[in-house]
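# Fold and contact review
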Amino acid sequence: MVEIFNPATAGTEGLTEFAPDSTAARKLIFYHASEGKPLATPWQVALARSKLLTELQLPDGYILDCACGSGIQLGAHMAMLQRPGIGVELDTKRAQASAVNLQSIVQHRNEVGTERMERTRILAADGRDGAVICAAFADAFSLDTFPKIALLHLDPARPRNSRTHGLEEMAPRLDEVFKGWSPYLSDGVNGPALLLDLSPRLTHEQRLEVESLVDEVWKGIARTWVWTSRGRGRVDRLALWLGDAATQGIARRFVRIPPSITDDAHVVSGGRHLQAGDGLPAVTRHPPRRGERVSILDAALVESGLAEDWLRTVSKEAAFSWRVVAGRRPQIHHAHPLRLGQPMDRMLVQATGRIVALARIELQVDTVDQLVELALEHDIGKLTVRVSMPPEVQPSVQGAIDRQLSRRHGRRDAFVVQQPDDEMLLLCIVE
Ligand SMILES: C[S@@+](CC[C@H](N)C(=O)[O-])C[C@H]1O[C@@H](n2cnc3c(N)ncnc32)[C@H](O)[C@@H]1O
């Protein structure tokens, strides 16, 4: 027997976990259950990706989230697309929390009592079992036919506290969901629409494995991989948008969620299919030269394989010389300044400047004097260390530089970087 929750009547009895969503513009409290809060999608992230869905032509029908957790992503999709929803959640208390949250979302948006909400339900059931869920749903509304599913959203649970995990550890498993739902998804122009919310920790090989699971059911279906970042160079989400949810001709997309909820996300699109490789540029080794430009790019953008696509929009340069690709500080060298007039573009660069001096100094607290001397020769008043150093040493070195420079009268901002396997310091004036 599948338990069914109606958002219009679901109450909070027995639900003890709740918290305001810190990313929402106005107060929005979400209920969770069974320690579900860390699993929940932040409202701003959920809304940003649902907004991107509004640019697509989805088939008619319901939004289905077959492992809906606290229902936050489902609520955002329904609000943005103005569609009814079906949420499925194995944990009954979480299913109840989802129903309550869907109602809170419509209250937050002044959309209570709409026809789409009357047709929306959350089912406490196994989200892999399309036949059982469709039958229970049709039964609850005395429908002659099964509901049409316009979009299947899946954000499976993954093992916590582990940097890596296998695809078979996702709950529910992708292949089982595909098998259980493929007969019930509406066919759009490019096949059914699916949005798979995956872990950014998946390796390139695992991403290809996900593609083969997809191809086993929907051979050659259109696909767009989407990397989402909320800043600090971290990929927060990796998703695969399929069929009518994919954008034809766009293999990859990088979505930077802006610091302010009122701004739209910054989207970079393009790239090559994953089968063609991980998309990371090749590293070249050259001796650094005074006068050339150095830029440290957003690490999440580089990880998405779209850095070169983005660089083409901010520079006419024919080629960039990649000195560091992996890690927190991807580094390129180039001849001309980047055109960073747009604030959104500035967010994708950690630092950019021109090399004014090269110095073979082993950077430590007791060698800071030498670096400061050099900085003063170049009229530098502020110097940021962007060199990899042990975390316990870095603050002391930066602190010593700041103290010494604050007593002098340099006027320019600068940063210092290194190339891999080379102790030469590159002193760069910020541009
Ligand atoms: C990462 S959470 C989803 C969070 C959701 N996107 C949100 O915004 O709140 C994954 C959920 O899948 C549920 N789950 C695991 N196996 C399931 C299954 N076979 N059927 C339905 N739900 C399942 C877990 O209980 C968990 O709540």
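As shown above, the structure is provided for reference.
Okay, so let's go over this structure. Per chain, residues are indexed from 1 in the order of the written sequence. Since the coordinates come from a predicted model, pLDDT governs what is reported: local features require at least 70, and pairs of side-chain atoms require 80 or more to be given and counted, while whole-chain, interface and lining totals use all residues.

### Concerning the site of the ligand
- We call a residue near a molecule or strand when its C-beta atom, built from the backbone, sits within 6 Å of it. Around the ligand sit 24 residues in total, of which Ala67, Gly69, Ile72, Gly127 and Pro172 are the nearest.
- Residue polarity is assigned by list, with Asp, Glu, Lys and Arg as charged and Ala, Val, Leu, Ile, Met, Phe, Trp, Tyr, Cys and Pro as nonpolar; anything else, Gly included, falls into the polar class. A breakdown of the residues in the shell around the ligand according to their chemical character gives eleven nonpolar, seven polar and six charged.

### Notes on the nonpolar core
- Formed by 110 residues in total, the largest nonpolar core has its most connected members in Leu151, Leu152, Leu242, Ala245 and Leu301.
- When residues of this core are assigned to domains, at least three fall in each of domain 1 (3-276) and domain 2 (293-430).
- Non-local contacts of Leu152, meaning those with residues more than four positions away in its chain, are made with Leu64, Cys66, Trp181, Leu185 and Leu194. Here, a nonpolar core denotes buried Ala, Val, Leu, Ile, Met, Phe, Trp, Tyr and Cys residues that are linked to one another through C-beta atoms within 7 Å. Any residue whose C-beta has 12 or fewer other C-beta atoms within 10 Å is treated as exposed, any with 20 or more as buried, and any in between as partly exposed, C-beta atoms being built from the backbone. Marked domain ranges trace back to an automatic or database domain assignment. C-beta atoms are first placed from the backbone for all residues, and any pair lying within 7 Å is then listed as a contact.

### Things to note about helix H3 (residues 92-108)
- Numbering of helices and strands runs from the N terminus; a helix is a DSSP stretch of H or I covering at least four residues, while a strand is a stretch of E covering at least two. The span you would expect from a helix comes to 1.5 Å times its residue count less one. Taking 1.5 Å per residue as the helical rise, H3 with its 17 residues ought to reach 24 Å, and the 24 Å between its terminal C-alpha atoms agrees with that figure.
- The element H3 is largely enclosed, with a buried count of twelve among its 17 residues.
- The complete set of buried residues in H3 reads Arg94, Ala95, Gln96, Ala97, Ser98, Ala99, Val100, Asn101, Leu102, Gln103, Ile105 and Val106.
- With its phi angle positive at about 55°, Asn110 sits one or two positions after the end of H3.

### Some thoughts on the sheet that holds strand S18 (residues 412-417)
- Here the rule is simple: two strands pair whenever DSSP picks up at least two bridges between them. Spatially, the seven strands line up as an open sheet ordered S14-S15-S13-S16-S19-S18-S17, and their pairing is mixed. Each edge of the open sheet is held by one strand with a lone partner, namely strand S14 (321-324) and strand S17 (380-385). On average, each strand axis in the sheet is tilted by 35° relative to the strand beside it, whichever way the strands run.
- Two strands pair when backbone bridges link them, and strand S16 (residues 349-359) and strand S19 (residues 425-430) are joined in this way by six bridges, in the antiparallel orientation. The residue of S19 that forms the bridge with Ile355 is Cys428. Convention adopted: a line fitted to C-alpha atoms gives each axis, helices being fitted over their contacting stretch, and angles between N-to-C directions are expressed from 0 to 180 degrees.

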